[in-house]
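Residue-level structure breakdown
Letter by letter, the chains look like this.
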Amino acid sequence: RFLDPDPLAELRQLQYRLLRSGFGLLREGGYLVYSTCSFAVAQNEEVVAQLLADEPAALLAPIEGLDGAPCVAGGLEHTVRFDPRTSRTSALFIA
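Here the structure is a predicted model, which is why all the values come from computation and not from measurement.

Under the counting rule described, the total for this entry stands at five salt bridges. A salt bridge links Glu46 to Arg12, with the shortest nitrogen-to-oxygen separation between them at 3.5 Å. Of the two residues, Glu46 sits in helix α2 (residues 45-54) while Arg12 sits in helix α1 (residues 5-24), which places them 34 residues apart along the sequence. You can call Glu46 partly exposed: its relative accessible area is 37%. In this structure, Glu55 and Arg20 form a salt bridge, with 2.9 Å as the shortest nitrogen-oxygen distance. With Glu55 in the loop between α2 and β2 (72-73) and Arg20 in helix α1, this residue pair connects regions lying 35 residues apart in the sequence. Glu55 sits in the buried class, given a relative accessible area of 18%.

To continue, consider the state of the cysteines. The term disulfide refers to a covalent linkage connecting the sulfur atoms of a pair of cysteines. What the rule picks out here adds up to zero disulfides. Here Cys37 stays unpaired: no disulfide links it, and the sulfur of Cys71, its closest cysteine neighbor, is 17 Å away. The exposure class assigned to Cys37 is exposed, which follows from its relative accessible area of 64%.

With that settled, consider the nonpolar core. Counting residues in hydrophobic clusters, the biggest one holds ten residues: Tyr16, Leu19, Phe23, Tyr34, Val47, Val48, Leu51, Ala58, Phe93 and Ala95. Excluding residues within four positions of it along the chain, Val48 makes contact with Leu19, Tyr34, Leu60, Leu76, Phe93 and Ala95.

Rules used in this analysis
Chains are numbered independently. Their residues run from 1 in the order of the written sequence. Where totals are concerned, whole chains, interfaces and linings use all residues; where local detail is concerned, this predicted model gives features only for residues with pLDDT of at least 70, and gives and counts side-chain atom pairs only at 80 or more. To obtain the side-chain values, all non-hydrogen atoms of the structure were used and water was disregarded. Just to be clear on terms, a salt bridge is a Lys or Arg side-chain nitrogen sitting within 4 Å of an Asp or Glu carboxyl oxygen. Per the convention used, a helix needs a DSSP run of H or I reaching at least four residues, while a strand needs a run of E reaching at least two, with both numbered from the N terminus. Exposure is judged per residue with a 1.4 Å probe applied to protein chains only, and the accessible area is read against the type maximum: over 50% gives exposed, under 20% gives buried, and values in between give partly exposed. By convention in this document, the label disulfide applies to cysteine sulfur atom pairs within 2.5 Å. By nonpolar core we mean a set of buried residues, namely Ala, Val, Leu, Ile, Met, Phe, Trp, Tyr and Cys, connected to one another through side-chain atoms within 4.5 Å. Any two residues having at least one pair of non-hydrogen atoms within 4.5 Å are treated as being in contact.

The following block contains the structure:
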């Protein structure tokens, strides 16, 4: 039930609307961090990829300060994932 496609699709749409709204509030040259506590690519990389496709001014910046952090590269450049096995945390995605 947790990853049931219908609720996941609704949640993904909500997350995209929130991300796009936040992006619209940025000042020129500003930064926006998108982070979830989910393993689902649909809630993470797909939401970010949609924003990048819809907003030509949006780009992903490198995340500094993670040297030695227990994370792995996400599915998009300049994104990272923390998972319970390697980080002793809950799932975490950052873009």
